[in-house]
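Observations on the model geometry
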Amino acid sequence: YGVATNFAEKTANENNSHKLDKKLLRHLLSIQAPSKQEAPISKFVLDFLSKKFVNNEITYEIDKSGNLLITKGQADLYPCLVAHMDEVNSIQSKRVIIELNNVFIGMNPDTGKAAGCPGDDRCGVYLCLEGLLTYPAIKVALFVGRILCRLL
């Protein structure tokens, strides 16, 4: 544990010049996509790819369940990032994502009460998109929730 922690701290301090794209992350967090309703995230990812990459840089497949497999570049071996697109929250009639002390939270602007924030899901999708922007060759798999549930 100590060796890994020291390596991570050293690497982050020396090599991590990449800044968090808070606008992109906040946008991803604001998209509501409960299990079996992942189409808004899938659409966002495909729109993102079409804006950021030339057609021949990225290929993707969508299976009959809605899972996305994205490939960038050519390699004998690819790093692969994986995330799921659904969230545990149900659709909220009103939900805004706000940043409070460097933490994004979901709240209902009318009541001030918590309205859910799909952090684990969208942080994974965010990291997958950053990976596509960063690495010359990479594969990304984005799964719909119902498939993950069946596998577990």
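Each remark here, short or long, concerns the structure printed above.
A brief report on the enclosed structure follows. (Residues numbered from 1 in each chain as written. Predicted model: local features only at pLDDT ≥ 70, side-chain atom pairs only at ≥ 80, totals over all residues. Heavy atoms only, no water.)

**Here we look at the overall build of the protein**
For the protein, the count of helices and strands is 5 helices and 6 strands. In the protein, the succession of α and β elements from N to C terminus is α-α-α-β-β-β-β-β-α-β-α. By the burial criterion, 37% of the 152 residues in the protein qualify as buried. For the protein, contacts bridging at least 24 residues in sequence account for 66% of all contacts bridging at least 6. With an accessible surface of roughly 9,800 Å², the protein has 56% of that area assigned to carbon and sulfur atoms. (Helix = DSSP H or I, 4+ residues; strand = E, 2+ residues; numbered from the N terminus. Buried < 20%, exposed > 50% of the residue type's maximum accessible area, 1.4 Å probe, protein only. Contact = heavy atoms within 4.5 Å. Areas by Shrake-Rupley, 256 points an atom, 1.4 Å probe, with all protein chains shown as cover.)

**Brief notes about the packing of helix α2 (residues 22-30) against helix α3 (residues 39-52)**
To describe two helices that pack against each other, one gives the angle between their axes and the distance between the axes. Packing of α2 against α3 brings their axes to within 10 Å, and their N-to-C directions diverge by 150 degrees. The angle between the axes of α2 and α3 places the two elements in the roughly antiparallel class. Note that α2 runs across α3; the crossing there is right-handed. Contacts between α2 and α3 involve L24, H27 and L28 from the former and I41, F44 and F48 from the latter. (Axes fitted to C-alpha atoms, helices over the stretch in contact; angles between N-to-C directions. Parallel < 35°, antiparallel > 145°, perpendicular 65-115°, else oblique. Left-handed = near helix turned anticlockwise from the far one by under 90°.)

**Considerations on the nonpolar core**
For soluble globular proteins, nonpolar side chains are generally found buried alongside one another. Core analysis: the biggest nonpolar cluster contains 29 residues, and L28, V45, L49, I70, L129, L132 and L142 have the highest contact counts within it. At the level of elements, α2, α3, β2 (68-72), α4 (119-134) and β6 (138-143) are the ones that each hand at least two residues to this core. Among the elements that make up this core, the one with the highest residue count is α3 (6 residues). In this structure, I70 is in contact with V45, L49, I58, T59, Y60, L132, I138, K139, V140 and L142, ignoring residues within four places of it in sequence. (Core = buried A, V, L, I, M, F, W, Y, C linked by side-chain atoms within 4.5 Å.)

**Describing the packing of α2 against α4**
Where α2 meets α4, the closest approach of the two axes is 9 Å, and the angle between their N-to-C directions is 135 degrees. On the basis of their axis angle, the class for α2 and α4 is oblique. For the pair α2 and α4, the sense of crossing is right-handed. Facing α2, whose interface residues are L24, L25, L28 and L29, α4 presents G119, R122, C123, V125, Y126, L129 and E130.

**So, a nonpolar patch on the surface**
Together, L100, V103 and I105 make up an exposed nonpolar region whose accessible area comes to about 240 Å². Assessed through its relative accessible area of 49%, L100 is described here as partly exposed. (Patch = residues over 30% accessible without salt bridge, like charges linked within 9 Å, V, L, I, M, F, W, Y side chains within 5 Å. Salt bridge = Lys/Arg side-chain N within 4 Å of Asp/Glu carboxyl O.)

**Topic: the packing of aromatic side chains**
If you walk through the whole model with that rule in mind, you get 1 aromatic pair. In this structure, K139 packs its charged tip against the face of Y78, placed 4.8 Å from the ring centre. (Phe/Tyr/Trp six-rings, centres within 6.5 Å; stacked < 30°, edge-to-face > 60°. Lys NZ or Arg CZ within 6 Å of the ring centre and 35° of its normal.)

**Re α4**
For α4, spanning 16 residues, the distance from its first C-alpha to its last is 22 Å, which sits close to the expected 22 Å at 1.5 Å a residue. Residues of α4 that are buried include every one of D121, R122, G124, V125, Y126, C128, L129, E130, G131 and L132, and no others. Looking at the buried side of α4, the elements it contacts are α2, α3, β1 (58-62), β2, β3 (80-84) and β6. (Expected span 1.5 Å × (residues − 1).)

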